[in-house]
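Given next are the chains, with one letter for each unit.
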Amino acid sequence: MDQQVSNAAGANPTNVERISDREFAVTRLFDAPPRMVFTAWSDPSLFQRWWVPKSATGVSLVSCDMDVRTGGKYRLEFAAGDQTMAFFGKYLDVVPDQRMVWTNDEGEEGAVTTVTFKEQGGKTLVTYHETYPSKEALEEALSGSAAGLPEQFEQLAELLATAEA
Amino acid sequence: MVQFNSTSLDASFAALSDATRRGVLAQLGRSDASITTLADQFHMTLTGMKKHVQVLERAGLVTTEKVGRVRTCRLGERGLGAEAEWIDAQRKLFERRFAALDAIIEEMKQEEANGPAGE
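Residues numbered from 1 in each chain as written. Chains lettered and ligands numbered in written order. Predicted model: local features only at pLDDT ≥ 70, side-chain atom pairs only at ≥ 80, totals over all residues.

Peer 1: Tell me about the overall build of chain B, and name the residues and values.
Peer 2: When helices and strands are counted, chain B shows 5 helices and 3 strands. Seen in sequence order, chain B has helices and strands lined up from the N terminus as α-α-β-α-α-β-β-α. Nonlocal contacts in chain B, meaning residues at least 24 apart in sequence, comprise 54% of its contacts between residues at least 6 apart. (Helix = DSSP H or I, 4+ residues; strand = E, 2+ residues; numbered from the N terminus. Contact = placed C-beta atoms within 7 Å.)

This is the structure:
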């Protein structure tokens with residue numbers, strides 16, 4: 001396992017850290033103003049082009065419906081081989097160019113995801129923050145990743161993580 | 001089913017929250033090393049590196065053994081445990097996503113630069 005930061009030249013580092021017993025966060029700086037980065041997260045035709053990076057693994061995003069406003073809903077459907085899977089939930093809070101908060105309702109104890117867009121000298125610091133309802137729920141997610149539960153999500157994550165660009 | 005001990009999970013996450021310590025684990029994954037070697041490699045003082053190694057040791061991620069004047073570090077039984085793998089998988093996933101997002105942002109910049117004024 002290579003822990004050295006091995007980003008392509010010029011890329012900003014991606015940091016992942018566990019913040020508490022039921023939260024983890026991913027942070028990354030983008031070389032563009034918040035309005036532009038926010039658009040890439042909230043316009044479904046753009047979002048679906050990067051959330052599942054193009055790869056030769058056979059995972060494809062079948063549909064991507066996003067109604068990005070407070071109270072709006074989303075539904076992403078994936079196909080991998082003969083399996084299909086859906087991720088869905090609703091937006092609890094959306095402040096254009098600043099933040100979006102959504103639920104992850106496909107599981108029983110899904111996390112709430114908060115993404116914030118902070119201007120930093122013309123660039124944007126994106127923080128992707130997941131809060132699980134309990135310590136047990138986060139550990140379930142951890143053991144899911146380690147022990148293959150839920151298997152289909154694990155497969156998807158693995159495909160996405162290991163696929164060649 | 002893998003059983004997790006919450007206390008050791010917390011200690012592991014604390015240990016892994018630091019970039020140097022993750023680097024040390026990666027290095028020890030390739031080969032055992034003395035604290036002096038690690039300190040040189042990560043451009044740190046011996047004292048600084050000792051502290052990092054102690055945190056990793058307490059989390060069970062690293063074991064050390066002193067032979068003569070040299071303290072050798074190697075990956076502990078837990079190695080890069082489930083939680084480290086999970087963090088690593090998340091980072092890889094988001095690195096891939098964000099590399100693709102960078103490309104889209106570049107496109108958007110181009111379009112703005114070339115697009116009709118006043119849009």
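Peer 1: Break down the overall build of chain A for me, citing the residues and quoting the values.
Peer 2: Helix and strand counts for chain A stand at 4 helices and 8 strands. Reading chain A from its N terminus to its C terminus gives the helix and strand order β-β-α-α-β-β-β-β-β-β-α-α. Across the 165 residues that make up chain A, the buried fraction comes to 24%. Expressed as a percentage of contacts within chain A between residues at least 6 apart in sequence, the contacts between residues at least 24 apart total 37%. (Buried ≥ 20, exposed ≤ 12 C-beta atoms within 10 Å, placed from the backbone.)

Peer 1: Tell me about the confidence of the model for chain B, residues and numbers included.
Peer 2: All names here are of chain B. Averaged over all residues, the pLDDT of chain B equals 80, while 81% of them reach at least 70. Confidence, expressed as mean pLDDT per element, reaches its minimum in chain B at helix α1 (residues 6-16) with 65 and its maximum at helix α3 (residues 35-41) with 94. Across residues 1-5, confidence stays below pLDDT 50; counting only partners more than four residues off in sequence or on other chains, it has 9 contacts. The ipTM value of the predicted complex is 0.78, and its pTM value is 0.64. (pLDDT = per-residue confidence, 0-100.)

Peer 1: Give a description of the nonpolar core that names residues and reports values.
Peer 2: Of all hydrophobic cores here, the largest spans 46 residues; its most connected members are A:V37 and B:L56. Considering every element that reaches this core, the biggest residue donor is helix α5 (residues 82-114) of chain B, with 9 residues. In contact with B:L56, other than residues within four places in its own chain, are B:A15, B:R21, B:V24, B:L25, B:L61 and B:V62. (Core = buried A, V, L, I, M, F, W, Y, C linked by C-beta atoms within 7 Å.)

Peer 1: A description of the sheet that holds strand β2 (residues 62-67) of chain B should follow, citing residues and the corresponding values.
Peer 2: All names here are of chain B. An order of β1-β3-β2 is seen for the 3 strands of this open sheet, with the pairing classed as antiparallel. Looking at which strands have only one partner, the edges of the open sheet turn out to be β1 (33-34) and β2. Both β2 and strand β3 (residues 70-75) contribute to a ladder of 6 bridges, which runs antiparallel. Bridge pairing in β3 places V67 opposite V70. Lying on the sheet, helix α2 (residues 19-30) is in contact with β1, β2 and β3; it crosses β3 at an angle near 90°. With respect to the sheet, helix α4 (residues 46-58) is in contact with β2 and β3, its orientation differing from that of β2 by roughly 120°. (Pairing = 2+ DSSP bridges. Axes fitted to C-alpha atoms, helices over the stretch in contact; angles between N-to-C directions.)

Peer 1: For the sheet that holds strand β6 (residues 99-103) of chain A, give the residues involved together with the corresponding values.
Peer 2: Residue and element names in this part refer to chain A. Here we have 8 strands laid out as an open sheet, ordered β1-β2-β8-β7-β6-β5-β4-β3, and antiparallel in their pairing. The open sheet has two edge strands, β1 (15-20) and β3 (59-66), and neither has a second partner. Taken over all neighbouring pairs, the strand axes of this sheet differ in orientation by 20° on average, direction set aside. Along the sheet, helix α1 (residues 34-42) contacts β2 (23-30), β6, β7 (112-120) and β8 (123-131); its crossing angle with β7, the most-contacted strand, is approximately 155°.

Peer 1: An account of the packing of α2(B) against α4(B) is needed here, citing residue identities and associated values.
Peer 2: Residue and element names in this part refer to chain B. Where α2 meets α4, the closest approach of the two axes is 10 Å, and the angle between their N-to-C directions is 70°. When the axes of α2 and α4 are compared, the pair comes out roughly perpendicular. Residues T20, R21, V24 and L25 of α2 pack against H52, V55 and L56 of α4. Classifying every residue of the contact of α2 with α4 gives 4 nonpolar, 2 polar and 1 charged. (Parallel < 35°, antiparallel > 145°, perpendicular 65-115°, else oblique. Nonpolar A, V, L, I, M, F, W, Y, C, P; charged D, E, K, R; others polar.)

Peer 1: Can you lay out unusual backbone geometry for me, pointing to particular residues and giving the numbers?
Peer 2: A positive phi angle, close to 70°, is found at A:D97, a residue other than glycine. Position of A:D97 among the secondary structure elements: in the loop between β5 (83-95) and β6. A count of 15 C-beta atoms within 10 Å places A:D97 in the partly exposed class. A positive phi angle, near 50°, is found at B:H43, a position not held by glycine. Residue placement: B:H43 occurs in the loop between α3 and α4.

Peer 1: Describe the pairing of β1(A), naming the residues involved and giving the relevant values.
Peer 2: Residue and element names in this part refer to chain A. Bridge count between β1 and β2: 5 bridges; the pairing is antiparallel. Note on β2: the bridge partner recorded for R18 is F24. Once β1 ends, the chain turns through 2 residues before running back antiparallel as β2.

Peer 1: So what's going on with α4(B)? Residues and values would help.
Peer 2: All names here are of chain B. Between its first and last C-alpha atoms α4 spans 18 Å; for 13 residues at 1.5 Å apiece the expected length is 18 Å, and the two agree. Regarding α4, the residues found buried are M49, H52, V53 and L56. The buried residues of α4 occupy an angular sector of 95° when the element is viewed end-on, so they sit on one face. Phi turns positive, to about 80°, at G60, one or two residues after α4. (Expected span 1.5 Å × (residues − 1). Arc of directions from axis to C-beta.)

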